[in-house]
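# Report on the structure
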Amino acid sequence: MRVLAAMSGGVDSAVAAALAVEAGHEVVGVHMALSRNRNQFRSGSRGCCSIEDAGDARRAADILGIPYYVWDMSEKFEDTVIADFVSEYEAGRTPNPCVRCNEHIKFEALLDKARALGFDAVATGHYAQVFEREDSDGSVIRELHRSPNEPKDQSYVLAVMGPERLKHAIFPLGGFASKDEVRAEAERRGLSVSNKPDSYDICFVADGDTKGFLAERLGTRPGEIQDTDGNVVGTHDGAYAYTVGQRKGLALGNPAQDGKPRYVLGTNPKSNTVIVGPAELLTVNRIVGDQAVWFADDVLAAAGQTEAGSDWFDVQVQVRAHGAQVLGRARSVALSRAAEIVGAGREDIATQCTRAEGLSEDLDDRTMLEVELTGGTLRGVAAGQSLVLYSGTRVLGQATVVASDRKSTAAAVAAPVAAGLSSAS
């Protein structure tokens, strides 16, 4: 099999490429240049995509004896991942750029180009597993599963890729139970990146200052911070810089009457207002998701899937990378039902859908998701986050959070929600 190995310059992708070679595949290494200013995109273990990373990837490819190329995908990265990141924050939502990168870069642009060049699959250093089983008609079904390396598991950010792209993806590190095992493999093979620090944070915000990055793109936009009664309790320089659940950096001048800390409950981009309140108002037990991606047609079929939606089925729910899972039940729903759940009109719920351009044409054809938490609650769920459903280790589906419901405290936040609050409302 001809395999294109995505080589970031780190230890994970180097070992993944080595294992693909060892498996007998015809492997070609490629480094994706995602930054237009690559010298500025690494600071110690922060960031990635620097010239240093490209050099490390080349040295690894030389040791493995495979061809190596650098593909400039900086324009695509800027136009999709970074542009989406900025526009989502501007719209009052909280995006996950790693999810968008997997969706638009690694398993769209890279995979599509690889397939066009005659490659059968793309291999990456993600920590996830793919299991195959035979369907009743004899066809092979590929399932996406968690990695046994729970601290590094990346099935959450991979769930957006969908089953068709999963057919052409290989994750050689899926069976590794720890990062130490991967580093030992790298050292054994003479790969110089064996002790290279992991990159973390947002790769294109190498200094970790997301607020500053957004301010450079969106400018200063002073506005009010209000409590749930509409009282002004502080000011800000841009509502886009605040996300649901945030406490740090509010600098509120007036303390709450009960003396308890206040958190961001949401933002209203139209009025440039940040709404704050007590921690208990962050509790969520019902979530609506848009742009659902399903890996489990068998589960949907068993739940009686039709054009109008499906019956309930049991799931585990995760809304953050490496976040806690909560037991729940889910079903696919039509847009009209999604609007009913959050008490909004059909057009209102449509405008809240993430990246909603063109929605007016086929509103009733939207694939949406309703989740009810039955084994606990989640706190601080923000519109724009990725919602992933599991059954054990198996990924069932993914959607982007549009809204969520604080069922037990709905009356307390009715006013800001009705005013157009962009939150977990």
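Criteria and thresholds
Residue indices begin from 1 for each chain and proceed along its sequence in written order. At least 70 in pLDDT is required for a residue's local features to be given in this predicted model, at least 80 for side-chain atom pairs to be given and counted, and no such filter applies to totals for whole chains, interfaces and linings, which use all residues. Based on all heavy atoms of the structure, the side-chain values leave hydrogens and waters out of the count. We define a salt bridge as a side-chain nitrogen of Lys or Arg found within 4 Å of a carboxyl oxygen belonging to Asp or Glu. For the purposes of this entry, the term helix denotes a DSSP run of H or I that reaches at least four residues, the term strand denotes a run of E that reaches at least two, and both are numbered from the N terminus. Working definition: with a 1.4 Å probe on protein chains only, accessible area under 20% of the residue-type maximum means buried, over 50% means exposed, and in between means partly exposed. Two strands qualify as a pair provided DSSP detects at least 2 bridges between them. Working rule for contacts: check all heavy atoms of both residues, and any pair within 4.5 Å makes them a contact. Fitted lines through C-alpha atoms serve as axes, helices being fitted only where they are in contact, and the angles separating the N-to-C directions of these axes extend from 0 to 180 degrees.

Pairing of side chains with opposite charge becomes possible as their charged atoms draw close. One pass over the structure, following the stated rule, counts 28 salt bridges. Across the salt bridge formed by Arg133 and Glu143, the nearest N and O atoms sit 2.5 Å from each other. A residue pair is termed long-range when its members are at least 10 positions apart, and Arg133 in strand β7 (residues 129-134) and Glu143 in strand β8 (residues 140-145) qualify at ten residues. Overall, the relative accessible area of 29% leaves Arg133 in the partly exposed class. On the accessibility criterion, Glu143 (10% relative accessible area) is buried. The partner of Arg286 in a salt bridge is Glu372, and the shortest N-O contact between them spans 2.8 Å. Taken as a pair, Arg286 in strand β15 (residues 286-294) and Glu372 in strand β18 (residues 368-373) lie far apart in primary sequence, 86 residues in all. By relative accessible area, which is 15% here, Glu372 ends up buried.

Turning next to the pairing of β7. Relative to β8, β7 runs antiparallel, the two being bridged by six bridges. Within the sheet, the bridge partner assigned to Gln129 lies in β8 and is His145. If you look at the hairpin formed by β7 and β8, you'll find five residues sitting between the two strands, and Gly138 has a positive phi there, around 90°.

Strands sit in the order β5-β2-β1-β6-β9 across an open sheet of five strands; the sheet is parallel. Two strands in the sheet have a free side with no partner beyond their single neighbour: β5 (68-72) and β9 (169-170). Where strand β1 (residues 2-6) meets strand β2 (residues 26-33), five bridges bridge the pair, whose relative direction is parallel. In the strand pairing of β2, Arg2 is matched with Glu26. The sheet strands contacting helix α2 (residues 51-64) are β2 and β5, and the helix crosses β5 at an angle near 150°.

By themselves, these figures tell us nothing about what the structure is for.
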